[in-house]
Amino acid sequence: MSTPRSPLVDVIAGARPNFMKIAPILHAIQARQAQGSKLRYRLVHTGQHYDARMSGDFFTQLNIPLPDVNLEVGSGTQAEQTAGIMTKYERLLLDARSDACLVVGDVTSTMACAIAAQKLRVPVAHVEAGIRSGDWGMPEEINRLVTDSITNWFFTTSEVANSNLRKSGARDEQIHFVGNTMIDTLLANLERLRPPAFWAEAGLQPGNYFVMTLHRPANVDDPDGFAKLISAVGEAVRGLPVVFPVHPRTAKTLAALPNRPAGLMTVDPQPYLEFNHLVRHAKGVITDSGGVTEETTVLGVPCVTLRDSTERPETVTVGTNELIGTDPAALKPALDKLFAGQWKKGGIPELWDGHTGERIAALLDRLLA
Ligand code: UD1
């Protein structure tokens, strides 16, 4: 087999949490190209998220180049999206093969493209490989397991991930501990964070409000459970406003909610710079997201996670995150601790230093040379 002279890597992005992870990788590849690297990329957007609020705004704010290809898969069940992405990405590879497929995170697009690529023997690189919640009830956990079982090069965010991969049979030379690209994006944009338009009108000030995000099926799909959770939040926050950017999935359950606590401020999904401004200055964050717990860790903001498990244990062992489970009754004691000034201060996990994209681009250059 001849060595490609200008190797082409497909960079795959499909859903909101992918966009902040690919930005620093693309920027680092561009920087290497400017220095004479022959590495090329093809940005493939699967179209899993397609709204401006879930996708377009992130491209603009984070200066992500326009996708070279959009597979336009759109909404559907997990199987429909997986099948649609696989079919369309396989067609792309058959028409114009790449030398590697780089996937990030754990969304449906990640798994679907990894499968299509590996079946055509296009090597797969997985960014954020090896993390595990152990909870097969989360679609993301299935995506992680499947993707990592057919990945050639693992780019990892933590020693725990390295160890998970070794236990599952990955060889040391396949594992590259590079750090966290999501944190590259956060650190690169810290000075650009800006308040949303409603900031002043709502009387928000640093430390006088909470931010909440909820979108996991376990928390938002059952109307009764969701109503209990929302009312427990209302009781635990001692009258402070709760800014709640509502994910499209959550909006459906929210619309049917009989009554809402007075301080609940529901707003549309926020663009990156506005969302992280809200997080940075919040008294605390209440969430069931994984990525948000990494951002709060680096920003040093107390974070209460409404889940029983996490694939990102360093946000708890090192950072400011605490898992309280999904029972709404656990919220009040957790926030009481926060109001009493007893929340842990937290530190920054190893290699979450803002240079992960550069390390990944350098590795791709070497691995595909
Ligand atoms: C997906 C990811 C999840 C991630 C989340 C962040 C998987 C399995 N899950 O979940 O890990 O945390 O994104 O947002 O990949 N919709 C819109 N506009 C869009 C996209 C979707 O209104 O641009 C609607 C869909 O029609 C659907 C709902 O949002 O009703 C859910 O979208 P979907 O892509 O199925 O998964 P998420 O729940 O967003």
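For the structure, see preceding data.
Residues numbered from 1 in each chain as written. Predicted model: local features only at pLDDT ≥ 70, side-chain atom pairs only at ≥ 80, totals over all residues. Heavy atoms only, no water.

Undergrad: Can you lay out the side chain of Arg-312 for me, pointing to particular residues and giving the numbers?
TA: Relative to the helices and strands, Arg-312 is located in the loop between β12 (303-305) and α13 (314-317). For Arg-312, a relative accessible area of 3% translates into the label buried. A polar contact of 2.6 Å, which involves the side chain of Arg-312, links it to the side chain of Glu-311. (Helix = DSSP H or I, 4+ residues; strand = E, 2+ residues; numbered from the N terminus. Buried < 20%, exposed > 50% of the residue type's maximum accessible area, 1.4 Å probe, protein only. Polar contact = N/O pair within 3.5 Å; in protein donor to acceptor, adjacent residues only side chain to side chain.)

Undergrad: Report on the sheet that holds strand β7 (residues 175-177), specifying residues and quantitative values.
TA: Read across the sheet, seven strands follow the order β3-β2-β1-β4-β5-β6-β7 without closing on themselves; strand pairing throughout is parallel. Two strands close off the open sheet at either side, each with one partner strand: β3 (69-70) and β7. Bridge analysis of strand β1 (residues 8-13) against strand β4 (residues 100-104) gives three bridges, and the strand direction is parallel. Pairing of Asp-10 across the sheet is with Cys-101, part of β4. Docked against the sheet, helix α15 (residues 356-367) engages β4, β5 (124-127), β6 (153-156) and β7, running at close to 165 degrees with respect to β6. (Pairing = 2+ DSSP bridges. Contact = heavy atoms within 4.5 Å. Axes fitted to C-alpha atoms, helices over the stretch in contact; angles between N-to-C directions.)

Undergrad: Give me the lowdown on helix α5 (residues 139-149), citing residues and values where you can.
TA: Taken as a whole, α5 has its buried residues at Glu-140, Glu-141, Asn-143, Arg-144, Thr-147 and Asp-148. Summarising the axial view, the buried residues of α5 lie within an arc of 160 degrees, below the 170-degree limit, and thus occupy one face. Of the surrounding secondary structure, the elements contacted by the buried residues of α5 are β4, α4 (108-119), β5, β6 and α6 (159-167). (Arc of directions from axis to C-beta.)

Undergrad: With reference to specific residues and values, describe the pattern of salt bridges.
TA: Using the criterion set out here, one finds 22 salt bridges in the structure. As a salt-bridge pair, Glu-128 and Arg-312 come within 3.2 Å of each other at their nearest N and O atoms. Pair noted here: Glu-128 is in the loop between β5 and α5 and Arg-312 is in the loop between β12 and α13, with a separation of 184 residues, a long-range link. In this structure Glu-128 comes out as buried when scored by relative accessible area, which is 4%. For Glu-173, the salt bridge is made with Arg-171, and the minimal N-O distance between the two is 2.9 Å. When its relative accessible area of 54% is taken as the criterion, Glu-173 is described as exposed. Taken together, the shared-partner salt bridges connect Lys-21, Asp-106, Glu-128, Glu-141, Arg-144, Glu-294, Arg-307, Glu-311 and Arg-312 into one network. (Salt bridge = Lys/Arg side-chain N within 4 Å of Asp/Glu carboxyl O.)

Undergrad: Quick rundown of the site of the ligand? Include the residues and the values.
TA: Lining the immediate environment of the ligand, one finds 20 residues, of which Gln-48, Tyr-50, Ser-75, Glu-140 and Lys-252 sit closest. One nitrogen or oxygen atom from the side chain of His-49 is found 3.0 Å from an oxygen atom belonging to the ligand. In the model, an oxygen atom of the ligand is placed 2.9 Å from a nitrogen or oxygen of the Thr-108 main chain. The protein chains hide 86% of the 750 Å² of surface that the ligand would expose on its own. Listing elements by their share of the shell around the ligand, those giving two or more residues are α1 (16-34), α3 (78-95), α5 and α10 (248-255). (Near = heavy atom within 4 Å. Areas by Shrake-Rupley, 256 points an atom, 1.4 Å probe, with all protein chains shown as cover.)

Undergrad: Before we move on, can you summarise the packing of aromatic side chains with the specific residues and values?
TA: All chains considered together, the criterion is met by four aromatic pairs. Measuring from ring centre to ring centre gives 6.4 Å for Phe-19 and Phe-58, while their planes differ by 45 degrees; the resulting arrangement is tilted. With Phe-19 in helix α1 and Phe-58 in helix α2 (residues 52-61), this pair connects stretches of sequence that are 39 residues apart. Across the pair, Phe-58 and Phe-19 agree in class, each one buried. Look at Trp-199 and Tyr-209: their rings are 5.5 Å apart centre to centre, the planes differ by 85 degrees, and that puts the pair in the edge-to-face class. Taken together, the positions of Trp-199 in the loop between α7 (181-189) and β8 (210-213) and Tyr-209 in the loop between α7 and β8 put the pair ten residues apart, joining distant regions of the chain. The same class applies to Trp-199 as to Tyr-209, namely buried. (Phe/Tyr/Trp six-rings, centres within 6.5 Å; stacked < 30°, edge-to-face > 60°.)

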